[in-house]
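# Examining the three-dimensional arrangement
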Amino acid sequence: MNFNIDDVIVFNDGEYLILDVIRENNNTYLYLINNDEFLDDVSIVKVNNNNNVIEYTAIDNDEEFDYIVNKIFLDFKDDVLDFATE
């Protein structure tokens, strides 16, 4: 399945906006925020394709999780710097 930034997916009984898509070592990871204007729930999930059924799971490996968080930070570094210097 193709995931793109600004797509909306159903996850965890809600609609989530994709803020970032990370592809690494034939894996796909999504940085998500709840699409409901009254919730500010965020999540980082790994996409698993099990017999054409898409599942979103937590990242259990600490090294893998740290890599993805650092990659997200690098993808948003300009935004973070702009916010910090205002």
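Up top you'll find the structure we're talking about.
Since the structure is predicted, the reported quantities are computational estimates derived from the model, not experimental observations. All residue numbers here refer to positions counted from 1 along the written sequence of the relevant chain. Confidence filtering applies because this is a predicted model: local features only for residues at pLDDT of at least 70, side-chain atom pairs given and counted only at 80 or more, and all residues used for totals across whole chains, interfaces and linings. The side-chain figures draw on all heavy atoms in the structure; neither hydrogens nor water molecules are used.

## Looking at the overall build of the chain
Basically, it comes down to this: Helix and strand definitions follow DSSP, with helices as H or I runs of at least four residues and strands as E runs of at least two, each counted in order from the N terminus. Contacts are residue-level and defined by heavy atoms, with any inter-residue pair within 4.5 Å sufficient. Shrake-Rupley sampling with a 1.4 Å probe provides the accessible areas, and residues are treated as covered by the protein chains on show and by no other component. Counting rule applied: Lys, Arg positive; Asp, Glu negative; His and chain ends not counted. To locate a charge, take NZ of a lysine, CZ of an arginine, CG of an aspartate or CD of a glutamate.
Scanning the chain from terminus to terminus reveals 2 helices and 5 strands. What you see in the chain, going N to C, is helices and strands ordered as β-β-β-β-β-α-α. Referenced to the eigenvectors of the C-alpha coordinate spread, the extents of the chain come out at roughly 50 × 30 × 20 Å. Long-range pairs, those at least 24 residues apart, make up 26% of the contacts in the chain between residues at least 6 apart in sequence. In the form shown here, the chain has an accessible surface area of approximately 6400 Å², with 45% of it arising from carbon and sulfur atoms. The centroid of the 4 positive side-chain charges in the chain is displaced by 11 Å from the centroid of its 21 negative side-chain charges.

## Quick look at helix 1 (residues 62–75)
Operational definition: Multiplying 1.5 Å by the helix residue count minus one yields the expected span of that helix. Categorising residues by exposure relies on relative accessible area from a 1.4 Å probe, with only protein chains included: less than 20% of the type maximum marks a residue as buried, more than 50% marks it as exposed, and the intermediate range marks it as partly exposed. This arc describes the spread of directions from the helix axis toward the C-beta atoms. Within 3.5 Å is the distance limit for a polar contact, defined as a pair of N or O atoms, with the added protein rule that one can donate a hydrogen and the other accept it, and that residues adjacent in sequence qualify only through two side-chain atoms.
Its 14 residues give helix 1 an end-to-end C-alpha distance of 20 Å, which sits within 8% of 20 Å, the value for a rise of 1.5 Å per residue. Listed in full, the buried residues belonging to helix 1 are E64, I68 and I72. Down the axis of helix 1, the smallest arc covering the buried residues is 70 degrees, so these residues share one side. Opposite its buried face, helix 1 presents the exposed residues D62, E63 and L74, each directed more than 90 degrees away. For helix 1, the capping residue at the N-terminal end is N61, with a side-chain oxygen 2.8 Å from the backbone nitrogen of E63.

## Quick word on a negative patch on the surface
Rules: Any residue with relative accessible area above 30% and no salt bridge may belong to a patch, with like charges joined within 9 Å and the nonpolar Val, Leu, Ile, Met, Phe, Trp and Tyr side chains within 5 Å. A pairing counts as a salt bridge when a side-chain nitrogen of Lys or Arg comes within 4 Å of a carboxyl oxygen of Asp or Glu.
A cluster of like negative charges, contributed by D78, D79, D82 and E86, occupies part of the molecular surface. Checked against the element boundaries, D79 lands in helix 2 (residues 77–85).

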